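Coordinate analysis (summary)
Spelled out, the chains give:
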Amino acid sequence: MTSDAQIQIEAGWKAHLFEEFGKPYMGELKEFLRHELSCKKTIYPKGSEYFNAFNSTPFEQVKVVILGQDPYHGPNQAHGLCFSVPKGVGTPPSLINIFKEIRADLGYTASDFKHGNLKSWADQGVLLLNSVLTVEQGCAASHQGKGWEKFTDKAIAELNETREGIVFMLWGSYAHRKGEVIDATKHLVLRAPHPSPLSAHRGFLGCRHFSQANAYLATHGKVPIDWRLL
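Residues numbered from 1 in each chain as written. Predicted model: local features only at pLDDT ≥ 70, side-chain atom pairs only at ≥ 80, totals over all residues. Heavy atoms only, no water.

Within this structure, the stated rule accounts for one cavity of 30 Å³ or more. In this structure, the largest cavity encloses a volume near 60 Å³. Surrounding the largest cavity, P45, Y50, P71, A78, H79, G80, L81, C82, L128, N130, V132 and L133 form its lining. Its residues assigned to classes, the lining of the largest cavity shows nine nonpolar, three polar and no charged. (1 Å grid on protein atoms, 1.4 Å probe; cavity = no way out; pocket = protein on both sides within 12 Å on 5 of 7 lines; lining within 4 Å. Points joined across faces, edges and corners; volume = space filled by probe spheres on them. Nonpolar A, V, L, I, M, F, W, Y, C, P; charged D, E, K, R; others polar.)

Shown next as structure tokens:
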């Protein structure tokens, strides 16, 4: 798993994460995934999209980080970007609330969100990172504790330590805990409840994270994010 040719991840990320692939926990994770597939279990997203968040947003281009927990576990939903679904797939409830907050915060309309594919955000520098990068079909949280968390912790640590002026959006207690290592003197750390329908009304709706992020980026000489999905 340490062969350079085998690791299909963006070059900047590879430079920061390469050593992780040679550690025992990643070997154990690889064996776990191989076993699950040999048992004919369906895993989301597909293998070529495990590292989609990293490949869509190069290390040196990260301006905003949105932390998710696990991939969607329903058919055709997960494609390696947290909260995102491919075009043509129904918008999940949490993403509906995210769009609702963006509209209220930035004055957009429903017509500004024509689908739920967040790839255009990733292309602009929004790292859409789940803590766990795979899941078994129909079994939420089934791949937690298998090693992915260590890998994504390292990714966050590398951004925190070697970059400055990144906006971290941490939604829900899980993301809050994962983001405890972030240095708020170097980065903007925004915390709110999770956008799930179970908790969005407790403070996610009205958090104004998107306008705060864009204002921060502008004051740091960076191009703000166009959050519309046209």
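The structure having been displayed, the exposition proceeds.
Attention now moves to the pairing of strand β5 (residues 167-171). By the criterion of burial, β5 is predominantly enclosed, with five of the five residues buried. Here strand β2 (residues 64-68) runs beside β5; their pairing, made up of three bridges, is parallel. Residue pairing for β5: I66 is matched across the bridge by M169. When β5 meets strand β6 (residues 188-192), the two strands line up parallel, connected through five bridges. Within β6, the residue paired with W171 across the bridge is A192. (Buried < 20%, exposed > 50% of the residue type's maximum accessible area, 1.4 Å probe, protein only. Helix = DSSP H or I, 4+ residues; strand = E, 2+ residues; numbered from the N terminus. Pairing = 2+ DSSP bridges.)

What follows deals with the sheet that holds strand β3 (residues 126-130). Spatially, the four strands line up as an open sheet ordered β3-β2-β5-β6, and their pairing is parallel. Pairing within the sheet leaves two strands with one partner each, and these edge strands are β3 and β6. For this sheet, the mean angle separating the axes of adjacent strands, direction not counted, is 20°. When β2 meets β3, the two strands line up parallel, connected through five bridges. Bridging across to β3, V65 finds its partner in L127. (Axes fitted to C-alpha atoms, helices over the stretch in contact; angles between N-to-C directions.)

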